[in-house]
Each structure stands twice: as C-alpha cells, then as structure tokens.
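Architecture at a glance
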There are 2 protein chains.
Amino acid sequence: MLSLRSLSARLSAIAVAMLVGSAAGQTKAPDYTRSVDPFIGVDWGGNTFVGAALPFGMVKLGPDMETFDGRRSGFGYSSYGNVLGFSHLHLSGAQGKYGNILVAPVVGHLDPADIRSPRTSETAEAGFYATTLSRYGVKVELTGTRRVGFHRYTFPASNDAHLTVNVAAALGLGPGYEAQRFLGADIRVLSDHEAQGMARFEGGWNNGGEYRVFFYLVTDTPAAQTHLWNGADLIDAKQASVGRGVPVGIDFALKTHAGQAVQMKVGISFLSTEQAKENVRSEAPAWNFAAIRTAAVAAWNKELGKLHMAGETPAQRRMLYTAMYHVMLMPADRTGENPGWTSSEPYYDDFYAIWDTYRSSSPLLTLISPDRQRAMIRSLVDIYRHTGYMPDARSGNDNGRTQGGSNANVVIADAFVKGMTGIDYETAFAAMVKDAEVPPKDPQREGRGGLKDYNQRGYITLNDERAGSRTVEYAYDDFAIGEVACGLGKTGEAAKYFGRTHNFENLWDKDMLVSGFKGFLRPRKADGTWADPYLTVRGTWPDFMYEGDIWTYSLYAPQDMRRLIEMAGGNQRFNDRMDFIFSRGHFDVTNEPGFLMPVLYAYSGRPDKSADIVHLLLEKYFTDSRAGIPGNDDSGAMSSWLIFQTLGIYPVAGQDVYLIGTPSLPQASLALAGGKTLRITTKGLDPAGLNHYVQSVTLNGVDLPNAWFRHAQIEHGAELVFTMGSAPSAWGRTTPPPSMSDPGYRTCVTQ
Amino acid sequence: MLSLRSLSARLSAIAVAMLVGSAAGQTKAPDYTRSVDPFIGVDWGGNTFVGAALPFGMVKLGPDMETFDGRRSGFGYSSYGNVLGFSHLHLSGAQGKYGNILVAPVVGHLDPADIRSPRTSETAEAGFYATTLSRYGVKVELTGTRRVGFHRYTFPASNDAHLTVNVAAALGLGPGYEAQRFLGADIRVLSDHEAQGMARFEGGWNNGGEYRVFFYLVTDTPAAQTHLWNGADLIDAKQASVGRGVPVGIDFALKTHAGQAVQMKVGISFLSTEQAKENVRSEAPAWNFAAIRTAAVAAWNKELGKLHMAGETPAQRRMLYTAMYHVMLMPADRTGENPGWTSSEPYYDDFYAIWDTYRSSSPLLTLISPDRQRAMIRSLVDIYRHTGYMPDARSGNDNGRTQGGSNANVVIADAFVKGMTGIDYETAFAAMVKDAEVPPKDPQREGRGGLKDYNQRGYITLNDERAGSRTVEYAYDDFAIGEVACGLGKTGEAAKYFGRTHNFENLWDKDMLVSGFKGFLRPRKADGTWADPYLTVRGTWPDFMYEGDIWTYSLYAPQDMRRLIEMAGGNQRFNDRMDFIFSRGHFDVTNEPGFLMPVLYAYSGRPDKSADIVHLLLEKYFTDSRAGIPGNDDSGAMSSWLIFQTLGIYPVAGQDVYLIGTPSLPQASLALAGGKTLRITTKGLDPAGLNHYVQSVTLNGVDLPNAWFRHAQIEHGAELVFTMGSAPSAWGRTTPPPSMSDPGYRTCVTQ
C-alpha cells in the first residue's frame, strides 16, 4: 500500500481540510502553529532551537544532544547523537551558551555519568516537544511558560525508575575558547517531591562573566527515595555545595507502574530560588499539562497570525510560519529577572548579536510587533544607563561580544525614523554618542574598537582588527546618529555625524583592480598610504573584514549608494560588478554582511536583476526541510530575511525606506499597529517562477513607479498590488531610492 | 480561496488517486512519467536538459535560452533570459556542445538577428515540452523520436507569420576556449513545405574536430512564400552555401488564422540529408503529434518502470524517477548514424565523460539495463578498433577530452566481473592494454597523459598536469586490467597489472602532516624527492589534482582500502580523518571524485558513520526543486549516485562489490535481466530520519552480517531486508569489504 508519509503530503491534507472547512463557512481562527515546523534549520548549521518555548520566552526547554563539538543550540544535528536530557535555557540560531538544569528520566541502574539515550518518535511543535527515550522506554513531553519548564514522563513498570536533575550541565563545557565553565552550585532537596538550588557558570561564546541560574522544582509524584550526587557517586544527603567542575545533581527514585505519568515543573530565575518558586506559583500553579500547552499555542497564534497569506504552496506556508516562529524565539524577555540592577524598564537578554538582527529582524518587529520592539529598545537604553554602553551582543546578563560594533545605533535610528514612540530618545541619543565618542575598555565587550583611529583619521588602521568592516559600519552608525540628532533638533550634532558618514570613502582605493573591476576597500596605514590589499576569500577574526570579503563590504554604504555607485564607475559598471559577484560565487548567502546586496540593483536602475537574484536565492537556499536554512539562523535574522524577500519588500535598516525585490505570494498581509494592515497582492505569478519580474505596482490604488517606498506610505495600513510578468520591464528604473548625495536629499525626519 | 498550486500537492493528489485506483483493483500500468520533473536540476548548475527526447535519444529537442555565458545545456537558468528557439541536439548535465538547427516561430516583421521572446506557461514532461512565446502569442509543443524532432506551433491570426530555421546556431559560439565555432553550411528549400541542408561545427568543451549535422524538414502547411538569409538580410533564393561565421537560415512565411496549428518534422542525421529524410520516413511518417508523444511516453515508462517503490514521499518519488530519467538521457544512441566508419556494432556518442559516469551510472545500467550497457561497451570497443583508443570522453563524433584518464578500463572491468556476456573481451582487453602502454599523441584527447613517467617511475612527476589524481586513477585502472587479464586466463598480464595497482603508494608522503593527520598524496620530482605539498583547496586544470583536493584523492584506492587505512594509521585514525573531512567542509558533494567517500567507513568498521553522512547529504543537497541537484548532473552521474544512495547500496565500480549505506525507502525494487528482481525492504524507517542506522540485514532470508555483498549474490534476483534503528549498532563492523591485501584475497573472477 502506498503510504503518504511526507510532511508536505500531510500539509496538503491539512490545506484541503482547511479549504473544506472554509467552504463550509466555518469561522474558527486558524491554528497557525500547525504550519510551524521547529525542525526546519536544525541541520547543517541553522542551529535552530527545538523544544518548548513561548514567544521571546526566557525558558526554552528542550533536548540537549551529544554532538562532536557540544557547542550547538542544544539540539545539534537532528539525526546524530544521543539525548543527554532536557535543559531549560537555550539560544536559537546561535550556539555557545546555556543548556542549564538538565532533567532526564532513567529506568534501571542510575549512573549519573551515563544517562544518555537514543530517541524515537520525536515531535516538535510551537510550545511542545515529545519523544521516546528508547534506552528506557520513557515517553517525554515538554511544554512551559515564560519562566517555567513543564515536564511529563510516562514510564514503564519499574521498581528502579528515576527522575534526575543534572545541575552542573551546560552546553560546550570545557577549558577552550568560547567554552562555558561550571563554577559551582548549591542544591537542596526540600521534600520527596521538591528541590531547589542555584548553579553558576561563565564564559561561552560571548566570553561573559558569571551568570547564576536559580531553580525550584516540584513533582506530582512523591519519590520512594531521593539522592544527590556531588562527584561520581550517589549519596543520601539532602544538600550539597560544590565548586568548579564538580558533577552535582539530584535523583528522585520512583517505583512506577506501566504507563505511569510523572510530571515535574521547574521554575527558573536569575534572581533567587524564591523567585523561581514564585514563577511556578504565578505561571503554572496547577498540574495541567494540557492547559499550559494550550496557552503556549495561543500565545504563538497571537504572534504568528500577524502574517496572513493565501495562494501559497504548502512549503511556503511551512517555511514562512516557521520563520515567524524563529524570529520570535530571540532575544529573551527577562523582565523581572534582571539580577544586575533594579529598574521599571523592560529587560531583555540574548541579543545575539544585534550585528545580525539589526538588518531585518528589527525592522520586521517594528512593523508587526512595535510594542515588542519598543520594549527591546527600552531595554537597550536601560542597559546603557546601568552598564555604560548599549550592547552589540549580550547573553547571560553580560555585554559581549561585539561584531561590527555598535549596530544598536542603527536599531535606534530605525525606530526613530519610523516614528516609534514611547522611547526616551534623549537618553538613547546619549548612548549612541557614547558609542561614537568614548573608546571602550574592552572593545570585544561593547562600544567601538579602533574608535580613536576612526575619529582621528576617518578610518581604522591595521592596528585594530576588522579595520575595513568596522570603518564602513561606523560610517553608517554615524549616519544613524545624525538622523536622530537631526530629528531631535540637535543641529550641531547632526552636522557633526552626517559629516562622518562619508568615511566609507577613506578606505576606498580607487585604483585597486580585481577581476576587471576598479575600486575596492583596502587596508590603509596610519600615515595614509595603502597597505597590501586584502584578497582572501573570507575574513576571519581578527582580520581586515569580519565574516565578509572585499566584494561585499566594498558595496556597503546604504546611506549613500549614489556616491558609491559613482565611485564604482556608474550604473553600468556597478551592475556589471554585481552580476560578476552573483555569478562567480562572491556572494555569501549564509551570512549577514550580504543581506542587503541582492536588492542593491534598486539603486542602479535594474530592479529586474534584483528579482532574478532574489528568486534564485529563495529557490536554492531556503526549503521546508531540516536543512532548510542556509547558514546560522542567528536569532532569526536569516528567517526575517526570508520573510521580507518572500513578501517582495526589503527594509534598508536605519532608514524609512523599503526596496522592492520580487514578491512570491499571491496574497499576503502583515498586521500593523492599531489594527491596520499592509496587504500585498501579486497578480500573474506562475508556479514555475517565470513571472518574477515586476511590471507595475500600485500603492493604495496609485501607480508606484519606483522600486522603493517610505515607511510613512504604509504605516497606517496600505495595499500594494504587484503585476508580474515573464520579462524585465521598464518599471522602477528611473528614480533610485534616496542617497545622501542626491540633490535635495531630505536629511531630517522629525518625530 | 486557498489554491493548491505546488507540484508536491499535485503529486499527493496523484498518489491518492493511485492509491484509490489500486484499492479498486485496477491493474493499469502506472505512468511513471507523471513523476518525472525535467526541471529538477536546471538551475544552479545542474545543467539538465529540458525538452523532448527518448531514452538515450539522439535528437534532444528543446529550447535554447539567452544566458550570460551561452554555454549551458541549452535551457540555462529557468528563470533567466529569452527563448532563442528550439534546437535538436543537446547534452544533459553538461555544457559546451550542440544547440544545432534552431527552429523558431515569429509573428510580424522577421529580423533573423532578433527572434528571441520571453515565455510563459512552460511545461516539460518525459518526451514532451510546451510553452507560449509571449512576444508572438505562439504556443509551442515539441515531441520526437530518436532521430526526428516533431514541432507544433499554434499561431494567432496573422498575415505575417513565420517558421524560421537558423542553421548557423549553436550554443556558446565564439572565439574563446571551449567555444563552438560555426564553419559553414549548405541549405536548400525544396518546396513550399520542405527544406534540407547540412551545417558544420567544431570545438566546444571537448575541443572536438568538425562535426556535420544534416537535416531534412517538412511542414504540414505550405508557405505563402519562402526566403533565406545568408548574412543579415532576407533574400528570395532557394539555396545558399556559406562559410565560417556567416548567419544562414530559412523562413517559411505563412498566413495564419487564429488558433492555426502548423506542424514541422525535422529529421536529423550525421550521415546525409538523404538519411535525415529517411529518418523522418521511418520514425515519424504521419502527421500525428499525439502518437509520437504517446510512443515517447511508452518508451520512457519501459525504462522508468525498472524502478518500483512504495511508501516513499512524493518528493522522493519525483526525485528518483527524475533521476532515472536523467541517467537515461546520456550518452546518445547513434547506431546507424556514425559518419566515421562502417560497422555492425552499436554506436554511441556523448560519453561526457566516462570519468563522471563510470562510478555509478554504468553500474546502475549494468543492473537494470544490461542490454543497453552492453551496447555502450561494444561501442567503446568499436571506437577503439577504428580510432585506436577507447574514449575517456567523446562528443560530436570525436574523442576528447580526458579527465582522469582511461576510466573506460573500469567500465570494462565492471561489466566483466559482473558476468556481462556478449562483449568481445579479447579486443576490449587489447584496448585496455593500449591505454596502459601506449602514450597518446594528444593526452587531452584520449589515452593516459604522463604515461611514460607512470610506467617508468610508478608515479607521475610534475612534468605532467594532474600528476596526483592521474597516478591514483591509473593505479585503479591497472587493477581493472588485472581483473580482466586474470579472468581471461592471461596470467602474465594479470601479474603485471596487479603489480602496478600499488602505485597509489608512490605519491604518499607518510610524514606529511595536515591538521593533525599524517600521510597525504604529494607532488614528487623525477629524482624521487618530494616537491612542495599541494595544499590549495581545490585543484583546477592543469594542476596536481583534477577537480578534487588532497583530502579526497589521498583516500582513493578502492582496490586496497585495507592497505590505505593502514597507511593512514589504522581504523581509528582513518575514521578520525573521515570525520574531520566531513565536519570541516573538506568533502565536495558537487563533484565526482568524492562519490565513494561517504561509504568508505564500510572499510573501517563504522558503517553507521556512512549512514550519518549519506543521510545528511541526501537531506541537504538533493531536493525536488529546480535547484535540486548539487552540482553538474554530468550526464546523470549525480542522479545515479542519488538512486543508489537512496536505495542504501552503492557500487564499488570495477569490482563485483556493493557497499551498504542507509536505505531511505520502505520498499523498492529494481528489475534485473531475465525478469528477475532485486527487492529491498526496509523496516522501521521513521519520517524524521532518526532511524537511519542499520541494525541487521537479511539477504534471501539469511543473515547478512557485513556492510557489503557481491554482485553474484543478487544478480539472479534477491530480497534484501533491512531493519533500522535510531542508534548505531554492532552490525557490519567486523568483516570489511574485500581489499587486495586481505589474507586470501580472491584475485580472479572468471567469466
């Protein structure tokens, strides 16, 4: 018999069911979580989280696997390695942190050093995870709230069953670079069904200082006996305090009958065990797994429902709702859980890193979740107030480590020029100026490395790492500061920072010739002369360019593409260079520095070429499989790129401008603030993708001749209608998006 | 309304229909061509052919597109460029040849230099292609026979319609390297509905000499007028002879009413216009487009039906039948069309290249189409008889150009050790010895470059290009010769060539240390001392290694993996090195030199690691999309790799051995010769792919403890039953596949 097993077949069936349902006039709200597949991107370096979490949830409860390097998001490659247990703190689209308070069931003799098990029948949904540990025959189900992990383990009959809690566990423990270190813990068994404690860790990808994870756990099944281990062996004590590197954990020994479900709630806090207990009390007071799970699904549907679509393929539906899900896993809402200072402001952690997310994640949230984006920005400003800098990356309650440097400036400007209210922009502006003026003690931690050079010479010399990429990023950061200064009426500061925005020209060697193209970024010495060109394919830290090459960074000047195109020899030569980059493998779809590149043809009069490139990139690099994200999802950055490019619009982060690429959905809409909607209708698409060229566009019924528009044109709701065709058209070629050196450039947007 | 547009949804519907059909007891043979999607692999360098062709057909009638380099298979990137017309000769999974006799409809003023048009509504199936040219509003339908292209153009009403034939057209015309050159043509209009002629070309990827394409064409609609062009302008002549580079073609001017279908049959021959006309007469005598198309579908179903499966996903079904289709597009059966010599032997052209196809295409055809494989081998031997060498690559009736060198030796041995009859092995053996002993005049054309060095020193020095890859390939070629010598009872020759098979050791520098691993292939001077190591990531022609690096070629010794593993430090170090290769990006899935690598763990006692790698490679690199083939399909080589690896078995080409990887289909079978069947049943697979580890295997009900078996164990039909699990097992770890240095190695298989 032919079995229809594939998920795409299942989804077709669901789609049919929905069609039938809708035909029958049913009005029940769609369950968007049915289209979320948390496994998309787990393999091949997407590093996406698998487990139970709320949108921006603090607790992310999921399995940790054996991996060859132990450094992934926890899940690792889906088909590789045993389950070590289920821990409560994770990243998504990132690695090198957390994996704490690891719970695992055991049946039979308990050796704390060998609890791992293969798994079968694994399922993951938004807010839910289940599997069966085949070594033990235990079914595992997980769900949770913002700060509580809710576990259910269904045991076979056994006189020797256990629920164990490894308090010393963390991902990537070790002495090496980027490794986490376990510093010690205190644990206490409170009763036959309760325990609490605190574990201390440091290090990890961001080289962070100590972070403390407090927990309070309670089971619904009294243990026959409890034990601890502090070291290799089980002991009968109720309490233990251990130091650096010493194994430590708790065992609830159980006698189970076949099919007996044992539940456990684990409250997590960064403040205290009392707070951890309070989190259980306030968020998950009852023993109702189903209710917690239903609430999680509802929370996700509220967020996912901000994207609506029709006429999409099942694969597109899966990809896009999963992308929405991935965008909203990070950063973590830690409001009320900040151990560093007392504040009434929101508190978010795991900005990981803003260098990744400022490009399209932030602009997406500004559109569909402005309240969330506002809270995050307020948190960034509050972190500045109390630590002295806004982070470029932050995790484990500690700033670090910087990538391009101070891209939070662009995040502030993006919100500002889009009219986001409720932010203390005066303090935000002070934070931006701090970035631009005060060299940090540790430039890998925060602020701008190489700042002295940059501010004295207008470029960074080879005395500092990432001199090339930082120079062009700082120039754009300064543009962002200028925008906010301008809008706040700070005329002097605006002139000062706008004056620095052309620093990207200072590393441009107009005579440098590569593959027939003239003019590239080039290392420059302190005396102003050129150093040897930087020609390696991809930079690594520390190096002249961070995670990008001369083809990518030489075209990075979103504040003044007109000038940059002129420097590159005009539209035709610029287009030739772009064609060369994409056809000869100089574009890297797996990393953020190139995010804007495919749509840069909008500035050079050939939006049809952007359409070609975007269409081909979507076709090859994004799928609905476990390998469906081409590089690290980077806290959802890659996913947000997918969403915008599929919709056919792409933000120039830090400006009130969207570029038009090629829309791929017949109907899509985004829910904006205040009940408004951005509707995107695309006429004439064909399944083969031949008709990917925009022929014409209307915005609210009025012809839109340009391959771009401003935020103000859509922020109160709008209808974009694209008419597509199989051949490039004359549309969008005449008036490029704004650049600073445009005649009559509008320098100032006021709030 | 939710529209279910995707192909996967369509296929689910088909699958449901089939399920219903089967439940209702219907016995109609399935139409496997419904699962063929010729668009798989057209984008991102798969270079697969799109158009109408029979299995191994000579005529491959399909669209040629504008491309940035004009060098692709004709179709180019599916979403890019205008249609130039529909030509009759193409490659698949390759580029750099053909694109001849280009037919195109025109409506309105005819400018022979500007006939191109965008297209819409494009469809491709096995034996059929259709589109609408939007510039002209003409619907195009194509089908064909082995040597005849059958066109149907449905016109709008027009007093100025045309059917044009560009006789000077070819893909990648130009003066440059690998470009084709048009040398001249003779054309003659025979009547208001007939024409014939001949065009001459040379060059292309294989640097081939002149090839002549003869045509005879006939339409079913008398032209109102006919014209020629020989140069830019239309003239009234009936006949033209032009020289190198001069545009030349034919115009049938028509007056059409709306919806008028005009049909054209184009007979192609490499012998004469008379033969071209005879091809039309014998293969497509009537004006019955539907009958020709139905026959093409039937021919494909006969071939595709050799693979049967159940329980597969719709995507797997599409991928695998399309892979079967791609494997059988190349080489071209040119029997009866050989202009070089008269022979009663079969004649095949477009071995492109055997270096690509010997690894898995040939072994696949030996299993499921032994008659076809026999014919190809007889053709190779006949080419040797008449040109002096078997080709390593051949196209346009000319040998060239060699890749690794003389891999036809492995093809002969593969057939021989698998007991294929009907081949003149004495002559085949002479051809192999010729390769091994007689240096060719032009080593890019045929034979073994660097042979003198190799035979004198046992390795190739840096005096010749590709010294490293050729040395290890020749060592394996010599093993192939030894096998055939042995089987033919040529004891002396067998000893001689088996004696050379350890030449792979001669370039192994046991002290060369890279990334902690000791022992790599290294360039060596004529005096026996080492030259500088070859450490670039990927070699290019000419260089030490051809299209592969030291990680790949250093592990190439299929004749004696036991010895090679010993040289690499034993099983553990070998496995560590393999792990390093796959986890650190040193494996290149896009090219043939690495084809065997993922399953080499079978030799080092860890078939579970092969399962990991194969599972992940299938997940990431093969999809049912237009980007679904990771590199050039290389005449179906990549597709044949996909078929074997999905089935869970992989041939060691040139030996009677198959290695076991990880089967991915619940049920599959291959039709073998004589009505026998190889059935593969896989128990315990899960949709998520967790259960990809073989736990145990039975072959015809008997436990198979090894991760390999011999051809004799399946050739008369067999049933393989795999039991899968989620964790690596002890299965297959004990007895590795055969290696020459095994104690008691069986050196000789007799026919």
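Everything numeric in this text was worked out from a predicted model, so none of it was measured.

The next point concerns the overall build of chain A. When helices and strands are tallied, chain A shows 17 helices and 32 strands. The dimensions of chain A, computed from C-alpha atoms along their principal axes, are 80 × 65 × 45 Å. Across the 751 residues that make up chain A, the buried fraction comes to 67%. Put simply, 68% of the contacts in chain A that link residues at least 6 apart link residues at least 24 apart. When the accessible surface of chain A is summed, it comes to about 23900 Å², and 51% of that surface belongs to carbon and sulfur atoms. Across chain A, the mean location of the 71 positive side-chain charges is 1 Å away from that of the 78 negative side-chain charges.

For interface size, the figure often reported is the accessible area lost on association. Under the domain assignment, chain A is made up of domain 1 (52-299), domain 2 (333-439) and domain 3 (450-605). When each unit is reduced to the centre of its C-alpha atoms, the spacing between domain 1 of chain A and domain 3 of chain A is 46 Å.

All names here are of chain A. Taken in spatial order, the six strands make up an open sheet running β18-β27-β28-β32-β29-β30, and their pairing is mixed. Both outer strands of the open sheet, β18 (307-310) and β30 (702-703), are each paired with one neighbouring strand and no more. Note: β18 against strand β27 (residues 667-671), four bridges, orientation antiparallel. Bridged to H308 within β27 is S669.

For the rest of this paragraph, the subject is empty space enclosed by the protein. Residues and elements named next belong to chain B. Applying the stated criterion across every chain, the model contains 19 cavities of 30 Å³ or more. In this structure, the largest cavity encloses a volume near 170 Å³. Surrounding the largest cavity, 17 residues form its lining, P331, F351, T357, S362 and M376 being those nearest its centre. Only α5 (354-357), α6 (361-368) and α7 (370-387) provide two or more residues apiece to the lining of the largest cavity.

Before going further, it helps to spend a moment on the sheet that holds strand β31 (residues 708-710) of chain A. Residue and element names in this part refer to chain A. On the basis of which strands lie adjacent, the open sheet formed by three strands has the order β25-β26-β31 and antiparallel pairing. The outermost strands of the open sheet, each flanked by one partner alone, are β25 (649-652) and β31. The sheet shows a mean angle of 30 degrees between the axes of neighbouring strands, direction not considered. Strand direction decides the pairing type here: β25 and strand β26 (residues 657-660), joined by four bridges, are antiparallel. Paired with I649 across the bridge in β26 is I660.

Quick look at the packing of helix α8 (residues 408-417) of chain A against helix α9 (residues 425-437) of chain A now. All names here are of chain A. Here α8 crosses α9 at 150 degrees, and the two axes come no closer than 10 Å. When the axes of α8 and α9 are compared, the pair comes out roughly antiparallel. In this structure, the crossing between α8 and α9 has a hand that is left-handed. For the pair α8 and α9, contact is made by N409, I412, A413, A415 and F416 and by Y425, A428, M432 and D435, respectively. For the contact of α8 with α9, the residue count by class is seven nonpolar, one polar and one charged.

The next thing to look at is the pairing of strand β29 (residues 693-699) of chain A. Residue and element names in this part refer to chain A. Bridge analysis of β29 against strand β32 (residues 718-725) gives six bridges, and the strand direction is antiparallel. In the strand pairing of β32, L699 is matched with L720. Two successive antiparallel strands, β29 and β30, enclose a turn made up of two residues, where N700 displays a positive phi of approximately 50 degrees.

Once that is clear, we can look at helix α3 (residues 289-304) of chain B. The end-to-end C-alpha separation of α3 of chain B is 22 Å, in line with the 22 Å expected for 16 residues at 1.5 Å each. Every buried residue of α3 of chain B is listed here: F289, I292, A296, V297, W300, N301, E303 and L304 of chain B.

Residues and elements named next belong to chain A. On average, residues of chain A score 93 in pLDDT, and 94% of them reach the 70 mark or higher. Confidence drops under pLDDT 50 across residues 537-541; counting only partners more than four residues distant or on other chains, this segment forms 16 contacts. Our summary of model confidence lists the complex with pTM equal to 0.92 and ipTM equal to 0.87.

Throughout the structure, instances matching the rule amount to 61 aromatic pairs over all chains. Ring centres of Y32 of chain A and Y321 of chain A lie 5.1 Å apart, and the angle between their planes is 40 degrees; this geometry places the pair in the tilted category. With Y32 of chain A in the loop between α1 (7-23) and β1 (52-53) and Y321 of chain A in helix α4 (residues 314-327), the pair connects residues that are 289 residues apart, well separated along the chain. Assessed through its relative accessible area of 10%, Y32 of chain A is described here as buried. Between W205 of chain B and Y352 of chain B, the ring centres sit 4.7 Å apart and the planes meet at 40 degrees, which makes this aromatic pair tilted. Placement of W205 of chain B in the loop between β11 (194-203) and β12 (208-219) and of Y352 of chain B in the loop between β20 (348-349) and α5 is noted, with a sequence separation of 147 residues between them. Judged by relative accessible area, which is 13%, W205 of chain B ranks as buried. By way of ring pairs, the aromatic residues Y98, F182, F201 and Y211 of chain A are connected into one cluster.

Another aspect to go through is the pattern of salt bridges. Following the criterion strictly, the structure yields 90 salt bridges over all chains and no others. Here D398 of chain B makes a salt bridge to R445 of chain B, at a shortest N to O gap of 2.7 Å. Of this pair, D398 of chain B sits in strand β22 (residues 398-399) while R445 of chain B sits in the loop between α9 (425-437) and α10 (451-457), and the two are 47 residues apart along the sequence. Classification of R445 of chain B by relative accessible area gives partly exposed; the value is 30%. One continuous salt-bridge network, built from bridges that share partners, spans E66, D114, R116 and R135 of chain A.

Residues and elements named next belong to chain B. Between its first and last C-alpha atoms α7 spans 25 Å; for 18 residues at 1.5 Å apiece the expected length is 26 Å, and the two agree. Counting buried positions over the 18 residues of α7 gives 13, a clear majority of the element. Of the residues one or two after α7, G388 is the one with positive phi, at around 100 degrees.

All names here are of chain B. Relative orientation of the contacting elements helix α4 (residues 314-327) and helix α17 (residues 637-647) amounts to 135 degrees, with a least axis distance of 8 Å. The orientation of α4 relative to α17 falls into the category oblique. Crossing of α4 against α17: the hand is left-handed. Counting all contacts with α4, which are made through M319, L320, A323, M324, H326 and V327, the residues of α17 involved are S639, S640, L642, I643 and T646. Across the contact of α4 with α17, the residue classes tally to seven nonpolar, four polar and no charged.

Here the focus is the side chain of T221 of chain B. Residues and elements named next belong to chain B. Looking at the element boundaries, T221 is found in the loop between β12 and β13 (225-230). Overall, the relative accessible area of 14% leaves T221 in the buried class. Within the local environment of T221, its side chain forms a polar contact with the side chain of D220, the two groups lying 2.7 Å apart. Contact partners of T221, with chain neighbours within four places excluded, come to D192, H193, L254, Q260, A261 and V262.

Right, let's talk about the environment of G449 of chain B for a bit. All names here are of chain B. Following the sequence through the fold, G449 ends up in the loop between α9 and α10. Taking the relative accessible area as the measure of exposure, G449 reaches 2% and is therefore buried. A sequence separation of 14 residues divides G449 from D435, and the C-alpha atoms of the two residues are 9.8 Å apart. In contact with G449, not counting residues within four places along its chain, are P443, I460, D464, R470 and Y474.

A separate point is unusual backbone geometry. Residue and element names in this part refer to chain A. Backbone torsion omega between G400 and R401 reads -5 degrees, so that peptide bond is classified as cis. With a phi angle near 45 degrees, S121 is a residue other than glycine that sits in the positive phi range. Using a relative accessible area of 54% as the deciding quantity, one classes S121 as exposed.

So, how was this worked out
Residues numbered from 1 in each chain as written. Chains lettered and ligands numbered in written order. Predicted model: local features only at pLDDT ≥ 70, side-chain atom pairs only at ≥ 80, totals over all residues. Heavy atoms only, no water. Helix = DSSP H or I, 4+ residues; strand = E, 2+ residues; numbered from the N terminus. Buried < 20%, exposed > 50% of the residue type's maximum accessible area, 1.4 Å probe, protein only. Contact = heavy atoms within 4.5 Å. Areas by Shrake-Rupley, 256 points an atom, 1.4 Å probe, with all protein chains shown as cover. Lys, Arg positive; Asp, Glu negative; His and termini not counted. Charge placed at Lys NZ, Arg CZ, Asp CG, Glu CD. Domains from an automatic or database assignment. Pairing = 2+ DSSP bridges. 1 Å grid on protein atoms, 1.4 Å probe; cavity = no way out; pocket = protein on both sides within 12 Å on 5 of 7 lines; lining within 4 Å. Points joined across faces, edges and corners; volume = space filled by probe spheres on them. Axes fitted to C-alpha atoms, helices over the stretch in contact; angles between N-to-C directions. Parallel < 35°, antiparallel > 145°, perpendicular 65-115°, else oblique. Left-handed = near helix turned anticlockwise from the far one by under 90°. Nonpolar A, V, L, I, M, F, W, Y, C, P; charged D, E, K, R; others polar. Expected span 1.5 Å × (residues − 1). pLDDT = per-residue confidence, 0-100. Phe/Tyr/Trp six-rings, centres within 6.5 Å; stacked < 30°, edge-to-face > 60°. Salt bridge = Lys/Arg side-chain N within 4 Å of Asp/Glu carboxyl O. Polar contact = N/O pair within 3.5 Å; in protein donor to acceptor, adjacent residues only side chain to side chain.

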